Amino acid sequence: MSLSLSSAVTFAPPQDPAVERPLNAPELNAPRITTSSAPQVFAFAAWHSLAWLVFANAIGVLLAAMLLIPSLNGLFDAWTYGRWMPVHLNLQLYGWSSLPLLAFLFKVYAVDREPVAAWSRPVLWVWSSALAIGSVTWITGHSSGKLFLDWTGYSRVLFPLAILATWMLLAYALIRSWNGPEYASPLARAGKIIGLALLFAVPLLLYISASPTLYPPINPDTGGPTGASQLESTLVTIAILLVLPFGLTRRKATRSWPLTVSWTVFFAESILCLGLGRADVSHHRPTQYISLGSLLVWIPLIPTYFAAFEWHPNTRRWRIAFLCWWSLLIPTGWALFLPGILDHFKFTDGLVGHSLLSMAGFVTALLIFVMVQLLGEGGWIFNGTWSFYVWNLSVLAYVLLMSVAGWQEGSHPAFAIVPGTARNIIYALRLLVGVLMFIASADWLIDASKLLREPAYAQIPNARSQIR
Amino acid sequence: MPQSNQRVAGWRGVSLVAITYVYFLIFAQFAFLKRLTELSIADAHLKAVMAAMAFGGILFSLLTPRTNLLRSPRLRLQAGLALCAAAALLTLLPLVLPASIAVAFLIGSGLGILTVTLVTHLRSWLGTGSPLLKVGIGTGLGYLICNFPPLFTATPAAQALTAAALCLAAIAIASKTTPDTPPEGTPALQSTISFPQVLICFTALIWLDSAAFFIIQGTPALKAGTWEGTAHLWINGLLHLVAAVASAWLLRRRGLSSTLSLAFLALACACLLLLDPHCVPIASLFYPIGVSLYSVALVAYPSLLAPASSTGERGRKAGWIYAIGGWFGSAMGIGMGQNLGHIPPFFLLLAGALVLTPQIAALLRSRRRELIATAVVLLAALGIWRTVAALSPKPPVLTQVERGRQVYISEGCINCHSQYVRPNTADVLMWGPAQTIDDLRSERPPLIGNRRQGPDLSEVGSRRSPLWFKAHFYAPSQINHASFMPSYAYLFRSQPGTQNQGADLIAYLQSLQDQGVEHLLVERAWHPSAADFAGASAKHGSRLFTTYCATCHASGGQTRAAWRSSFRRLPPDLSVGPLQDLSAADSPDQRRDRLAQIVKFGIPGTDMAGHEYLSDRDVASLSLWLQQTIAQPLAPSTNPLSPGETR
């Protein structure tokens, strides 16, 4: 059966009446072990990720305020802007952006089944503890000097071990549920084993890549990443996008061509990426920007691909949001790489704005979409109307403000280096939208805390597997 | 009664809590001590006075719930307030030692009666709606009022008068109780920890608070960093208010034990940070939070949370808490501050063990698996890290430049400064020349950065002198009034076990320079275009001079004054001269171009730095204004020297 992972991985709690399950689903026709599903596993992961989001956003607000009111630095003595930055960036990446994907892996490997579920919270504690210790090391002036890979000293060992602990939990869950319905097809088993093998390399790769001796290809005209590097990292994101639905839901029986087309294009682009190599090449080379331009095909493909799957009704709002951000991210990302445009915006707030479009716009909407799908009915915590609009409109405002600042700065470096009225107004508005984003994220965290107090989410049940 | 009316009805309780705190904090703990200093009562005499106050406090805290005198809570509270007001007014008299002891005893007695009576019957004035929140607001307002700058900085007499006036107002406020007072019984928010445990926790917290308060009060440097200055006071007051409301929320949602644990953690952070004078600004954030967190509980526990079968039992519990926790703990804390001058870390550990034990025990019971897993991974990581370090070859001793590079990385300079001059762009003229990729890749790691909040630094050693770096790290906004870079003065402090990080960083930045002369030739060939000069404005140039130049080139310039003896050549006062880098033989246009070059690129071999990031129009404006206003260049032999200047 092609792509049978989709049928092997259940997508929603059985009590969810919103989605009908087709009668030919293999698990309904086979003898099976049913175990108690523990939605708390996803609620805990959501809570941890939101806690880091709120904390990182609070630091973001502080950073924005420091740029506007430099005397604030004096309140923190040695904890100046430069030390807070890695804390802010890394918590957004390794806290907010990573933990929902951990929840996704919990779903794929059936960690939400007893007795494995009881170990999900300890693993989340380990992850968050490693992040907390990492934050302490960065704020106290210990860093590798590599952006997003600041792990150094003790924390450089600790965080990979935290990832390894997660991997061990996934492996334990795989073994425990080997005969379960999730593994009915050989393809599902093979997929999960290959996935686990790949995941095993992550902690080691993280440790190695934090080394000061390694550095990715450099675009000699900007000092930034090459077109090939950007194509590579975007393809990794696309790979995640293509895999996500298989772990979250099932595909609609009537639509298979979007999957075939998407995977074919993905493999073709991967070959193109391999062909480009990893040399230090300028963005002025046509091969670089034309190759990167090949990503434009994903603007229609990704929405079409996701439309081929069945989704929980609660996800609608955030699914539309992440697809909108995606449709904005890809063309603007490509445009910002073009000769002339990148030369103007490099090192400016324009690229800061685009990074925010990527992380706070696209990635955040995607992650929330994933968590809503995982939480099912509990996904209400993300569906408050005002927080949805406040977040997304604030991100949009931020991107526009930074684009204006970046345009000015590209023409006159003094615009940023020597604050004037225009710069200060833009930065004040940025601070304001930062505060709004913080409030929206705090609202989600408060609701996630409420969710954890609901009886169904308060404790992981001690029920053991039952053979029907 | 409608819910909104219930909430409003509690204003009497909120006011009474706030006034009691104001009296205790601004008068008994503060103004009275200052008054005693004015009366030349110090050392052993001061101890005797304070002992009398503590004795009065302990005695009446314990006696109040056990005596039948003045059975009406309202009358008893009013009597306590009247005693407090009288005592405050008496301090205005020129007291001698025995009288001071008597007044101190009166203050303690009044406070003993007031506090125990208030919390025993607080429900009568709070009403039923959100009583914890009302206690939080009352406490927070009390602290906010105390930090109100005009009151905080007032004379002891004014503070005593204010305290007395507030007590009189409280007598009027207490004249009525709120209707619908809830009956005595098992509280809905009953605390789960035992009364002796609560007593120990409060004693430890008040001990810590009093010791920290006394140490800050007695150390000018600490006092300056915590509660001196209007901004500090407002921040403290608002922090108190926010923390007090948060404490009420925590008490309702997480219970007494969690609230006291958080209070301890905040206070412990403050106490540890106070050990390092440079960390006082951070300590000043933690201290009010910790104090307000437990202060709300100090009122809320005996009045609302303590299990009590009768009003008498509630009063006795309140009496023990204020006698032992309040007066004894406070006296011990002050004694620790007086005798040791600091809070020993061992004592913090002991206090932590006492306060956190219930919380830790509960955590161990409910989160054993999580704690064990976390501990195992933390220890495993420690073992691996140590093993890898032991097996790795010993790292070579770093040179000063290498150490400076580490400082550059540690401080996160990369988040604001790039080290990459983009070839064939405006970067080259401003910050060039460009490096090769091979040069970059030889760095471990390359520090290219991805955002410029400040200038590129890849060749900064060519453009800035060591003195400029040092002055800039100490006070960036003094060098350049528009700068928003934070001060890095702390890098120049001597710290045990570390080199002078500031000197290391300067050595590193100095090493970032091109040895060739090609770029110098490019700089000397540059001048603003005719269009830039045509659009230049001398008025704008004047403003730019004030922002960028006056700090060195005006007679009263801050940088000029602060580093006068360190300049290689004292920057000339441009209105006087001498101007050694301008030639008297130059035509006006040549002179204008030369001025523009100096403004943009500085003068090599001197401490004069350029302002390469300014637009050509700005540079033209500045040079135009300079040309119109500065002294004429003269032959060096006829040019007088300023004091400290050499040719």
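Cut-offs used in this document
- Residues numbered from 1 in each chain as written.
- Chains lettered and ligands numbered in written order.
- Predicted model: local features only at pLDDT ≥ 70, side-chain atom pairs only at ≥ 80, totals over all residues.
- Helix = DSSP H or I, 4+ residues; strand = E, 2+ residues; numbered from the N terminus.
- Rg over C-alpha atoms; globule rule 2.2 N^0.38 Å.
- Buried ≥ 20, exposed ≤ 12 C-beta atoms within 10 Å, placed from the backbone.
- Contact = placed C-beta atoms within 7 Å.
- Domains from an automatic or database assignment.
- Nonpolar A, V, L, I, M, F, W, Y, C, P; charged D, E, K, R; others polar.
- Axes fitted to C-alpha atoms, helices over the stretch in contact; angles between N-to-C directions.
- Parallel < 35°, antiparallel > 145°, perpendicular 65-115°, else oblique.
- Left-handed = near helix turned anticlockwise from the far one by under 90°.
- Expected span 1.5 Å × (residues − 1).
- Bend = angle between axes of the 7 residues up to and from the residue.
- pLDDT = per-residue confidence, 0-100.
- Core = buried A, V, L, I, M, F, W, Y, C linked by C-beta atoms within 7 Å.

A. Expanded view of the overall build of chain B. The number of helices and strands found in chain B is 30 helices and zero strands. Scaling as 2.2 N^0.38, a compact globule of 647 residues should have a C-alpha radius of gyration of about 26 Å, whereas chain B reaches 33 Å, well beyond that. Principal-axis analysis of the C-alpha atoms places the extent of chain B at approximately 100 × 65 × 55 Å. In chain B, which comprises 647 residues, the proportion classed as buried is 50%. Long-range pairs, those at least 24 residues apart, make up 83% of the contacts in chain B between residues at least 6 apart in sequence.

B. Focus on the overall build of chain A. The helix and strand tally for chain A stands at 19 helices and two strands. Taking all 468 residues of chain A together, 51% fall into the buried category. By sequence separation, contacts in chain A at least 24 residues apart represent 84% of the contacts at least 6 residues apart.

C. Up close: the domain arrangement of chain B. Segmenting chain B into domains produces domain 1 (3-182 + 191-366), domain 2 (400-518) and domain 3 (526-636). Each of domain 1 of chain B and domain 2 of chain B has a C-alpha centre, and the two are 50 Å apart.

D. Summary view of unusual backbone geometry. Here the residue pair Glu114 of chain A and Pro115 of chain A is connected by a cis peptide bond, since its omega of 5° sits within 30 degrees of zero. Relative to the helices and strands, Pro115 of chain A is located in the loop between α5 (99-108) and α6 (120-139). Backbone torsion omega between Arg444 of chain B and Pro445 of chain B reads -10°, so that peptide bond is classified as cis. Even without being a glycine, Phe148 of chain A presents a positive backbone phi close to 70°. A positive phi angle, close to 60°, is found at Asn424 of chain B, a residue other than glycine.

E. Up close: the interface of chain A and chain B. Between chain A and chain B, the contact holds 53 residues from the first and 51 residues from the second. Counting only elements with at least two residues in the side of chain A that touches chain B, the list comes to α4 (81-96), α6, α7 (154-176) and α17 (414-417) of chain A. It is α7 of chain A that contributes the most residues to the side of chain A that touches chain B, six residues altogether. Of the residues contributing to the side of chain A that touches chain B, the split by class is 31 nonpolar, 14 polar and eight charged.

F. Structural context of the packing of helix α13 (residues 255-274) of chain B against helix α14 (residues 280-305) of chain B. Residues and elements named next belong to chain B. It is at 7 Å that the axes of α13 and α14 come closest, and there the two elements cross at 150°. It follows from the interaxial angle that α13 and α14 lie roughly antiparallel. Two packed elements cross with a definite hand, and for α13 against α14 that hand is left-handed. Taken together, the residues of α14 that come into contact with α13 (itself represented by Leu256, Thr259, Leu260, Leu262, Ala263, Ala266, Leu267, Cys269, Ala270, Leu273 and Leu274) are Val280, Ile282, Ala283, Phe286, Tyr287, Ile289, Gly290, Leu293, Tyr294, Ala297, Tyr301 and Leu305. The class makeup of the residues in the contact of α13 with α14 is 21 nonpolar, two polar and no charged.

G. A look at helix α8 (residues 186-209) of chain A. In this model α8 of chain A runs 34 Å from its N-terminal to its C-terminal C-alpha over 24 residues, within 8% of the 34 Å that 1.5 Å per residue would give. At Pro203 of chain A, α8 of chain A shows its largest kink, close to 30°.

H. Broad picture of the confidence of the model for chain A. All names here are of chain A. Averaged over all residues, the pLDDT of chain A equals 88, while 89% of them reach at least 70. Put simply, helix α1 (residues 5-8) is where chain A has its lowest mean pLDDT, 32, and helix α13 (residues 316-335) is where it has its highest, 97. Predicted confidence is poor over residues 1-36, with pLDDT under 50, and the contacts of this stretch with residues over four places away or in other chains come to 60 contacts. Low confidence marks residues 462-468, where pLDDT is under 50. Its contacts with residues over four positions away, or in another chain, come to ten contacts.

I. Just the environment of His553 of chain B, in detail. All names here are of chain B. Along the chain, His553 falls in helix α27 (residues 538-553). For the pair His553 and Asp573, spaced 20 residues apart in sequence, the C-alpha to C-alpha distance is 4.7 Å. Residues contacting His553, with those up to four places away along its chain left out, are Pro571, Pro572, Asp573 and Leu574.

J. View of the nonpolar core. Membership of the largest hydrophobic core comes to 133 residues, with the highest contact counts inside it found for Val22, Cys84, Ala163, Leu205 and Ala212 of chain B. Among the elements that make up this core, the one with the highest residue count is α14 of chain B (17 residues). Sequence-distant contacts of Ala163 of chain B, that is, excluding residues within four places in its chain, are made with Val22, Tyr23, Ile26, Phe27, Ala31 and Ala88 of chain B. Judged by nonpolar contacts, the second largest core, of 131 residues, contains Ala45, Val281, Ala365 and Trp391 of chain A.

K. Expanded view of helix α5 (residues 97-120) of chain B. Under the 1.5 Å per step criterion, the end-to-end length of α5 of chain B is 34 Å for 24 residues, consistent within 8% with the ideal 34 Å. Among the 24 residues of α5 of chain B, 20 are classified as buried, and the element is accordingly described as predominantly covered.

L. Here's a closer look at the confidence of the model for chain B. Per-residue confidence for chain B averages 87 on the pLDDT scale, and 93% of its residues sit at or above 70. Across the whole predicted complex the pTM is 0.80, and at the interface the ipTM reaches 0.88.

M. Fine view of the packing of α13 of chain A against helix α15 (residues 349-375) of chain A. All names here are of chain A. Relative to each other, α13 and α15 sit at 150°, their axes nearing to 8 Å. Considering their axes alone, α13 and α15 lie roughly antiparallel with respect to each other. When the axes of α13 and α15 are compared, the crossing they make is left-handed. Contacts between α13 and α15 pair Trp318, Arg319, Ala321, Phe322, Trp325, Trp326, Leu328, Leu329, Thr332 and Gly333 from the former with His354, Leu357, Ser358, Gly361, Phe362, Ala365, Leu366, Ile368, Phe369 and Val372 from the latter. Residues of the contact of α13 with α15, tallied by class, amount to 14 nonpolar, five polar and one charged.

N. Up close: the environment of Ala458 of chain A. Residue and element names in this part refer to chain A. As for its placement among the helices and strands, Ala458 is situated in helix α19 (residues 455-458). The class for Ala458 is exposed, based on 12 C-beta atoms found within 10 Å. Along the backbone, Ala458 and Arg430 are 28 residues apart, and their C-alpha atoms lie at a distance of 38 Å. If we skip the residues at most four places from it in the chain, Ala458 touches Leu452 and Arg453.

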